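What follows is the residue order along each chain.
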Amino acid sequence: MPKIKTHRGAAKRFSLTGTGKIKRNKAYASHILTTKTTKRKRNLRKSTILDRANEKMVKKLIPYS
């Protein structure tokens, strides 16, 4: 059986935690930052855990991580 290729775009965006959950960065933090509050921008810096609904799909994209 051949190896599965890793989706390089997904590999750059997601990483696995020690417990096997998928870590992701939040969106909406790249431009038009003048209208966003300081609190909102600060919270966008933090990474978060991917929800269970998308977990199976992302794990297929990054099989060896």
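Quick caveat: nothing in here was measured; it's all calculated off a predicted structure. (Residues numbered from 1 in each chain as written. Predicted model: local features only at pLDDT ≥ 70, side-chain atom pairs only at ≥ 80, totals over all residues. Heavy atoms only, no water.)

1. With respect to the nonpolar core
Basically, it comes down to this: Residues belong to a common nonpolar core when they are buried Ala, Val, Leu, Ile, Met, Phe, Trp, Tyr or Cys residues joined through side-chain atoms within 4.5 Å. Note on classification: 1.4 Å probe, protein chains only; a residue is buried when its accessible area is under 20% of the maximum for its type, exposed when over 50%, partly exposed between these limits. Contacts were defined at the residue level, with two residues in contact if any of their heavy atoms lie within 4.5 Å.
Grouped together as the largest cluster of nonpolar side chains are five residues: Ala10, Ile22, Leu50, Val58 and Ile62. Here isoleucine 22 is in contact with Phe14, Ser15, Leu16, Thr48, Ile49, Leu50, Glu55, Val58 and Lys59, once residues within four sequence places are set aside.

2. Some points on the side chain of lysine 36
The criterion, for reference: For the purposes of this entry, the term helix denotes a DSSP run of H or I that reaches at least four residues, the term strand denotes a run of E that reaches at least two, and both are numbered from the N terminus. Counting of polar contacts relies on pairs of N or O atoms within 3.5 Å, with two restrictions inside protein: one atom must be capable of donating a hydrogen and the other of accepting it, and residues adjacent in sequence are counted only when both atoms are side-chain atoms.
Here lysine 36 shows up in the loop between strand 2 (22–25) and helix 2 (38–45). At 3.3 Å, the side chain of lysine 36 and the backbone oxygen of histidine 31 are in polar contact. When near neighbours in sequence (up to four residues on either side) are disregarded, lysine 36 contacts Tyr28, His31 and Lys41.

3. Focus on the pattern of salt bridges
Where we set the bar: Counted as salt bridges are all cases of a side-chain nitrogen of Lys or Arg within 4 Å of a carboxyl oxygen of Asp or Glu.
In this structure the tally under the stated criterion is one salt bridge. Here lysine 59 and glutamate 55 are joined by a salt bridge, their closest N and O atoms 3.8 Å apart. Here glutamate 55 and lysine 59 lie together in helix 3 (residues 52–61), a separation of four residues that amounts to about one turn.

4. So, the sheet that holds strand 1 (residues 14–16)
As a reminder of what qualifies: Only strands joined by at least two bridges in the DSSP assignment are considered to pair. Fitted lines through C-alpha atoms give the axes, limited to the stretch in contact for helices. The angle between two N-to-C directions lies from 0 to 180 degrees.
Strand order in the open sheet made by the three strands is 1-2-3, with antiparallel pairing throughout. Unpaired on one side and paired on the other, strand 1 and strand 3 (47–49) mark the two borders of the sheet. Each neighbouring strand pair of the sheet contributes to a mean axis angle of 35 degrees, computed without reference to strand direction. Summarising the sheet, strand 1 and strand 2 pair through three bridges and their orientation is antiparallel. Within the sheet, the bridge partner assigned to phenylalanine 14 lies in strand 2 and is arginine 24.

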